[in-house]
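Descriptive structure summary
Spelled out from the first residue to the last, the chains are:
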Amino acid sequence: MARDLSMAQTVATSTAAANATGTLQQQIDSNDAQIASLNQEIAQYQAQLQQIGANKKTLQAAINALDLQRSKIQAQVSLTQTQISTTQLQIQQLGGQITDTEQAIGNDQQELAAYLRNLQKADGQPLFVKVLASNDLADVWSDVNATLQMQDAIQLQMQALHEQESTLSDSQAASQVKQQTLASQKQSLTSQQQSLTTTVQSKSQLLAQTKAQESNYEKLLAAAEAELQSFTAFTQNAGGSKLLTGQTSCDAWGCYYNQRDAAWGNLALDGTQYKLASDGCLVTSMAMVMTHYGYRDVTPVTINSNPDNFAVYYPAYLLTTINVDGVSATRKAAAIDATLATGNPVIVGLNAYGGTHYVVLVSGSKGNYLMRDPYIANGKDISFSANYSLSKVFGVTKVTISS
């Protein structure tokens, strides 16, 4: 009677679990359909962005691109949120499977224990004793047959128990994988939400930088393109952008960095087609100056990793004011000798090798200067005049720091 009641409870529990599993699966299927739709939407936005990229660069096109980018990221956020929901449902589904399997294992263990107790009772007397003590040999053989059947049932029950334990192990492993997937998806969601905020801000910055005027946009764009192309020309003519090792060196002044350092030389300049190795002289010079002012953890990567440090209208173009390590650093026009006399370095732009280049002057006067050149191998504290002409300098700036 108790066994029948237990079986009835098990059946009822299994039915409820099956219904719950069915509901979860319906929700997962619904999410999957939504995910497929969102992927199509994102692909459409990407196709439109590529089309805008192929068109003539105008202020309106840039604004349209930012609007499309915002819509694309919003769709990506929705996609990731739906994926998170699906993963949570799958974890819940696996949890139900684990509970069901654990219950099945418990039932199998109870049944196995009952079989073993019955078998122990049946094996209480040796077979020859049963034969001698029995008046009916048929009854004896019937008992023996029942014992053999019980042994077969035990083997089957043990096999079922092993299978359930294997299923439990697989479900637990799958649940752990889903937990890891969930954590990764949540990180992606945070990153996407930050990108969405940045994209919205970029539109405001673009309008501010260009004063919402097409003519201003065209001038700024032309100047930025010319600067990056001239960086590339310098590098190509000066010997190429082959990566170097063992370049970084820090001392009491600060750190020397080389734009071609293998630690970062192959990195894209703010995600563009330009590379730090070929076009990162200004970024690298700024990083060196920042270390001089006590921000010793700053490297070219630090500056390059913040899109806000670059112009929205031309992402590889470093802005005059950048944000690094919680402070703002601004390049301002200065005189070489007067600035160096105060112990402050200057960043100079110069024409050389058919292009332009930036270096850091750290000391000296009257044309006799030591520099830290971000291009020349081991270009720490070397002579400026031995490598470049002072008459080719077109810009001199000092860096001011503000909180």
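Only a predicted model underlies this, so the values are computations on that prediction, with no experimental measurement involved.

1. What about the state of the cysteines?
Disulfides are covalent bonds that link the sulfur atoms of two cysteine residues. Tallied over the full model, the rule gives one disulfide. The residue that forms a disulfide with Cys-250 is Cys-255, at a sulfur-sulfur distance of 2.0 Å. In this structure the cystine formed by Cys-250 and Cys-255 twists about its S-S bond by roughly 100°; its chirality is therefore right-handed.

2. Considering helix α5 (residues 214-238)
Taking 1.5 Å of rise per residue, the 25 residues of α5 would be expected to cover 36 Å, and the 36 Å separating its terminal C-alpha atoms lies within 8% of that figure. Of the residues making up α5, those classed as buried are Tyr-217, Leu-221, Ala-224, Glu-227, Leu-228, Ser-230, Phe-231, Ala-233, Phe-234 and Thr-235. Note on α5: the residue one or two positions beyond its end, Gly-239, has a positive phi of about 140°.

3. Focus on the pattern of salt bridges
Scanning the model with the defined rule gives six salt bridges in all. Where Arg-372 meets Asp-251, a salt bridge forms, and the shortest distance between an N and an O atom there is 2.9 Å. Residue Arg-372 is located in strand β7 (residues 368-372), and its partner Asp-251 is located in the loop between β1 (249-250) and β2 (255-256); the two are separated by 121 residues in the primary sequence. For Asp-251, a relative accessible area of 25% puts it in the partly exposed group.

4. Observations regarding the side chain of Gln-192
The topology assignment puts Gln-192 in helix α4 (residues 137-210). Look at Gln-192 and you get buried, because its relative accessible area is 18%. Setting aside chain neighbours within four positions, we find Gln-192 in contact with Ile-73, Gln-76, Val-77 and Thr-80.

Analysis parameters
Residues numbered from 1 in each chain as written. Predicted model: local features only at pLDDT ≥ 70, side-chain atom pairs only at ≥ 80, totals over all residues. Heavy atoms only, no water. Disulfide = S-S within 2.5 Å. Helix = DSSP H or I, 4+ residues; strand = E, 2+ residues; numbered from the N terminus. Expected span 1.5 Å × (residues − 1). Buried < 20%, exposed > 50% of the residue type's maximum accessible area, 1.4 Å probe, protein only. Salt bridge = Lys/Arg side-chain N within 4 Å of Asp/Glu carboxyl O. Contact = heavy atoms within 4.5 Å.

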